[in-house]
Amino acid sequence: MNVPKFKNINIKSYKPGKSGVNKKKKYIKLSANESSLGVSKGVKKILKKKNIFLHRYPDSKSNALRRAISREVKCDFDKIICGAGSDEIIQMICQLYLNKNDEVILPEYSFLMYRIYSKIVGAKVLFSKEIKFKISIENILKKVTKKTKIVFIANPNNPTGTYLNKSELILLRKKLNKKNSTSN
Ligand SMILES: Cc1ncc(COP(=O)(O)O)c(C=O)c1O
């Protein structure tokens, strides 16, 4: 049997940040989504219970969790997606919406997985200039064409820490609708 060949994809791999500081055990890492407080007492208590089934696969549709989230945040159950970290959800979005040669817009300084997953499915990634390390709505709109399928925004942004406020986000959403339907 022939060994199948890898697809050759020209993408730089994700380099995670440093995970230690000179062998120190106690440190607060601000560059990753890690809790500096450790596992909560409530979670530890539940993990000690003998009747939890960690040795079984969990419900792949996260139904119980989605029901609980839907009650808590008063959002339709069907509109909630759970994933193994938001990375998996970014990947799902790219697989579901992007075809080869579709365009994706990213602010110039943005989380690396947006470009990695977009490129894996063959989309073209366009970068919009930021202004003083803040996402610029105008510069995003300049990049929109009929081929634009996704504009990825992390809010607050990683790695700059700047953010668009609620009215700026709503404005971007409205302008994107108009621009996308009128662009060449
Ligand atoms: C903007 C942004 N989105 C998503 C992620 C992925 O995090 P996780 O998969 O842990 O949710 C990160 C991680 O640094 C991030 O900075």
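No experiment lies behind these values; they were computed from the predicted model shown.

Caption draft 1: Local environment of the nonpolar core. Of all hydrophobic cores here, the largest spans 15 residues; its most connected members are Ile 90, Leu 98, Val 104, Leu 106, Tyr 114 and Phe 152. Counting residues per element, the ones that place at least two in this core are α3 (85-97), β1 (103-107) and α4 (112-120). Element by element, the count of residues in this core is highest for α4, at four residues. Not counting the four nearest positions on each side in its chain, Leu 106 is found in contact with Tyr 114, Arg 115, Val 125, Leu 126, Phe 127, Ser 128 and Phe 152. Within the second largest apolar cluster, nine residues are counted, among which are Ile 135, Ile 137, Leu 141 and Leu 176.

Caption draft 2: Structural context of unusual backbone geometry. A cis geometry characterises the amide bond from Asn 155 onward to Pro 156, with omega recorded as 0°. With respect to the secondary-structure elements, Pro 156 resides in the loop between β5 (148-151) and α6 (166-182). Residues Asn 158 and Pro 159 are joined by a peptide bond in cis, for which omega reads 15°. Relative to the assigned elements, Pro 159 resides in the loop between β5 and α6.

Cut-offs and rules
Counting starts from 1 at the beginning of each chain's written sequence and moves along it residue by residue. Local features in this predicted model are restricted to residues of pLDDT 70 or higher, and side-chain atom pairs are both shown and tallied only at a pLDDT of 80 or more, whereas totals for entire chains, interfaces and linings draw on every residue. In computing side-chain properties, one takes all heavy atoms of the structure into account and sets aside hydrogens as well as water. To form a nonpolar core, buried Ala, Val, Leu, Ile, Met, Phe, Trp, Tyr and Cys residues must be joined to one another through side-chain atoms within 4.5 Å. Relative accessibility under 20% of the residue-type maximum defines a buried residue, over 50% an exposed one, and the middle range a partly exposed one, all with a 1.4 Å probe and only protein chains included. Labels follow the DSSP assignment, with helices taken as runs of H or I lasting at least four residues and strands as runs of E lasting at least two, numbered in each case from the N terminus. Throughout, a contact is declared for two residues whenever any of their heavy atoms are within 4.5 Å.

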